[in-house]
Amino acid sequence: MKSISFDATNALCGGILTAVGLFFAWQSFGLELGTALRMGPGYFPLVLSAVLILLGLTILVQSARVKGEPMGPIAIRGIFFILPAPIFFGLTVRGLGFVPAVFFTALIACFASSRMKPLWAIAVSLGLTIFSVAVFSYGLNLPFERFGPWTRF
C-alpha cells in the first residue's frame, strides 16, 4: 500500500492563496455588497476572492500526492511554440490584419506537437482561420480589418 505525502511547495502556495482570498473576502464585507442585479462596490471583490479561495483549496488538495508517483517529462517543444503564438497574434493583428494573424498564430501553435506534419498544419490553420472569420467577422459583425496595412500592395 502506498503512503500519501505532501508536496510542501504546493501546500504552501495553496495555503497562501487561500489565506489571501479569505483576507480579501473579509475586507469586502466592509463594503456594500448589493445584489447580483445591482452590484455594490464589494460584490466583485467578494466574487474574485471566492475564486481565489477555490483555486487555493484546489492546489492544497492536489499537494497530497501518492508517494512514488513519477513526474512526466516537461514539454519543452510545447513551451517554445504555444507561448509565443498569442504574443505573435497580439503584435501582428493590427498590422497584418485578422486573417493572416490567425493563420500564422495557428500555424505556430500547430508545431508544438512533434507528430504534426507541415501539410496537416497548414490545413488545420486554414480551417481555423475560415472558422474564426465566419464566427467573428460575419456571425458577430465585429469591426476589425481582415487584412491590415502590412498586407496591402
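Residues numbered from 1 in each chain as written. Predicted model: local features only at pLDDT ≥ 70, side-chain atom pairs only at ≥ 80, totals over all residues. Heavy atoms only, no water.

## Digging into the overall build of the protein
Consideration 1: In terms of regular secondary structure, the protein is built from six helices and two strands.
Consideration 2: Mapped from its N terminus to its C terminus, the protein presents α and β elements in the order β-α-α-β-α-α-α-α.
Consideration 3: A compact globule built from 153 residues should have a C-alpha radius of gyration of about 15 Å, whereas the protein, at 23 Å, is more than 25% larger.
Consideration 4: Counting only C-alpha atoms, the protein reaches 60 × 50 × 25 Å along its principal axes.
Consideration 5: Counting contacts in the protein only where the partners sit at least 6 residues apart, residues at least 24 apart contribute 60% of the total.
Consideration 6: Approximately 11200 Å² of the protein is accessible, and the part contributed by carbon and sulfur atoms is 75%.
Consideration 7: Each charge class in the protein can be summarised by its mean position, and for the 10 positive and 4 negative side chains these summaries are 13 Å apart. (Helix = DSSP H or I, 4+ residues; strand = E, 2+ residues; numbered from the N terminus. Rg over C-alpha atoms; globule rule 2.2 N^0.38 Å. Contact = heavy atoms within 4.5 Å. Areas by Shrake-Rupley, 256 points an atom, 1.4 Å probe, with all protein chains shown as cover. Lys, Arg positive; Asp, Glu negative; His and termini not counted. Charge placed at Lys NZ, Arg CZ, Asp CG, Glu CD.)

## A closer look at the nonpolar core
Consideration 1: Formed by Phe103, Leu107, Cys110, Met116 and Ala121, the largest nonpolar core amounts to five residues.
Consideration 2: The element best represented in this core is helix H5 (residues 98–110), accounting for three residues.
Consideration 3: Setting aside chain neighbours within four positions, we find Met116 in contact with Cys110, Phe111 and Ala121. (Core = buried A, V, L, I, M, F, W, Y, C linked by side-chain atoms within 4.5 Å. Buried < 20%, exposed > 50% of the residue type's maximum accessible area, 1.4 Å probe, protein only.)

## Things to note about the UniProt feature "transmembrane region" (unreviewed entry) in the protein
Consideration 1: According to UniProt, the "transmembrane region" (unreviewed entry) feature falls on residues 12–31, 43–61, 73–89, 95–112 and 119–140.
Consideration 2: The distance from the first to the last C-alpha atom of residues 95–112 is 25 Å, and the span holds 83% helix and 0% strand. (UniProt positions renumbered as here; feature names shortened; annotations may be inferred.)

## A few points about the packing of aromatic side chains
Consideration 1: Enumeration over the complete set of coordinates arrives at six aromatic pairs.
Consideration 2: On the basis of an interplanar angle of 75° and a centroid distance of 6.2 Å, the ring pair of Phe98 and Phe136 is categorised as edge-to-face. Linking Phe98 in helix H5 with Phe136 in helix H6 (residues 118–139), this pair joins segments that are 38 residues apart in sequence.
Consideration 3: Judged by its relative accessible area of 34%, Phe136 falls in the partly exposed class.
Consideration 4: Plain terms: the ring middles of Phe103 and Phe104 are 5.4 Å apart, the flat faces sit at 75° to each other, and that makes the pair edge-to-face.
Consideration 5: Classification of Phe104 as partly exposed rests on a relative accessible area of 37%.
Consideration 6: The rings of Phe89, Phe98, Phe136 and Phe144 are connected pair by pair, giving a single aromatic cluster. (Phe/Tyr/Trp six-rings, centres within 6.5 Å; stacked < 30°, edge-to-face > 60°.)

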